[in-house]
Amino acid sequence: MIKITNLKKSYEGGIEALNGVSFDVNSSEITGYIGVNGAGKSTTLKILCGVIPFDDGEVLINDYKLPEDALKIKSITGYVPETPELFNSLRVTEYFDFLKDVREIEESKFLKRVEYFAELFEFKDFLNSAIGKLSKGNKQKVLIVSALLHNPDIILLDEPLNGLDAYSIITFQDIISKLAKRGKTIFYCSHLLDIMEKVSDRVIIIEDGRIKINSSKEELKSNNDSKS
């Protein structure tokens, strides 16, 4: 579970990225975090990952607190950033091996997971290719798999569909739905409202650094039906 209370973050020049943001993200659910570019979505995710500090407020993730427990939080978190930052000179297998060591994944589990995801996302033929030579879509698949390899309890997704083909999008959405049912906490950030409505159990809309809507999908549907 993620619990954010009165979170504030400003950048140089007095730009307020987050102004008193508060919400919970429950386990066994997919929470969609929606807003236009510059609304504060990526800033929120970067704070949750411990990538950037925040100015005020409180952040609890599975009872661990930021920034004090940042290393522990990173160990239980899988993060797909909006902009891929991969080691382009490495082969895919070399990059996954690197992650195995960093995440301390048992060898047999690691090999099974790589085989499973490579089959699922149809990139077995690219495992020995240099990451820099992959298409945008295949780089995105590597990024997604790298976030899931260590079987994290917390999954943070920032525009994870970038470059994916239709089959891979369906596959990805099926994966996160199954992971939510297994008790994972999934925070899915996007500007695509139609996709969020399909996959999310709860929808949070952020605008200019403030929460405008925080409702379950059922509540949103009920409100829309009453207006029609």
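Worth saying up front: this structure is predicted, and the values here are computed from it rather than measured.

S.K.: How do you make sense of the nonpolar core when you look at a structure like this?
M.R.: For soluble globular proteins, the rule of thumb is that nonpolar side chains tend to be buried together. One finds Phe 96, Leu 149 and Tyr 188 to be the most contacted residues of the largest nonpolar core, which totals 40 residues. Looking at this core, the elements that each hand over two or more residues are strand E3 (29-34), helix H3 (92-103), helix H4 (107-120), helix H5 (136-148), strand E7 (154-158), helix H6 (166-181), strand E8 (185-190) and helix H7 (193-199). No other element matches H5, which puts 6 residues into this core. Once you skip the residues sitting within four places of it in the chain, Tyr 188 turns out to touch Ile 30, Thr 31, Gly 32, Tyr 33, Leu 157, Pro 160, Leu 161, Phe 172, Ile 176, Ile 195, Met 196 and Val 199. Core analysis: the second largest hydrophobic core is formed by 26 residues, Leu 18, Ile 73, Ile 154 and Leu 156 among them.

S.K.: Explanation requested: the layout of surface pockets in the structure shown.
M.R.: Any empty space left between atoms is shown by rolling a water-sized probe over those atoms. Approximately 910 Å³ is the volume attributed to the largest pocket. What lines the largest pocket is a set of 27 residues, among which Val 51, Tyr 79, Pro 81, Tyr 95 and Arg 103 lie closest to the centre. Residue assignment for the lining of the largest pocket shows that the elements contributing at least two residues are helix H1 (41-48), helix H2 (70-75), strand E6 (77-80), H3 and H5. No other element matches the 5 residues that H3 contributes to the lining of the largest pocket. Across the lining of the largest pocket, the residue classes tally to 14 nonpolar, 7 polar and 6 charged. Looking at the second largest pocket, its volume works out to about 270 Å³. Around the second largest pocket, the lining comprises 13 residues; the ones closest to its centre are Tyr 116, Phe 117, Asn 151, Leu 179 and Arg 182. The set of elements that each furnish at least two residues to the lining of the second largest pocket consists of H4 and H6. Of the residues contributing to the lining of the second largest pocket, the split by class is 8 nonpolar, 1 polar and 4 charged.

S.K.: Please explain the packing of H3 against H4 as it appears in this structure.
M.R.: In helix packing, the relevant descriptors are the interaxial angle and the interaxial distance, both defined with respect to the helix axes. It is at 11 Å that the axes of H3 and H4 come closest, and there the two elements cross at 140°. The angle between the axes of H3 and H4 places the two elements in the oblique class. Between H3 and H4 the crossing geometry is right-handed. Contacts from Phe 96, Asp 97 and Lys 100 in H3 reach Glu 107, Phe 110 and Val 114 in H4. Of the residues contributing to the contact of H3 with H4, the split by class is 3 nonpolar, no polar and 3 charged.

Criteria and thresholds
Residues numbered from 1 in each chain as written. Predicted model: local features only at pLDDT ≥ 70, side-chain atom pairs only at ≥ 80, totals over all residues. Heavy atoms only, no water. Core = buried A, V, L, I, M, F, W, Y, C linked by side-chain atoms within 4.5 Å. Buried < 20%, exposed > 50% of the residue type's maximum accessible area, 1.4 Å probe, protein only. Helix = DSSP H or I, 4+ residues; strand = E, 2+ residues; numbered from the N terminus. Contact = heavy atoms within 4.5 Å. 1 Å grid on protein atoms, 1.4 Å probe; cavity = no way out; pocket = protein on both sides within 12 Å on 5 of 7 lines; lining within 4 Å. Points joined across faces, edges and corners; volume = space filled by probe spheres on them. Nonpolar A, V, L, I, M, F, W, Y, C, P; charged D, E, K, R; others polar. Axes fitted to C-alpha atoms, helices over the stretch in contact; angles between N-to-C directions. Parallel < 35°, antiparallel > 145°, perpendicular 65-115°, else oblique. Left-handed = near helix turned anticlockwise from the far one by under 90°.

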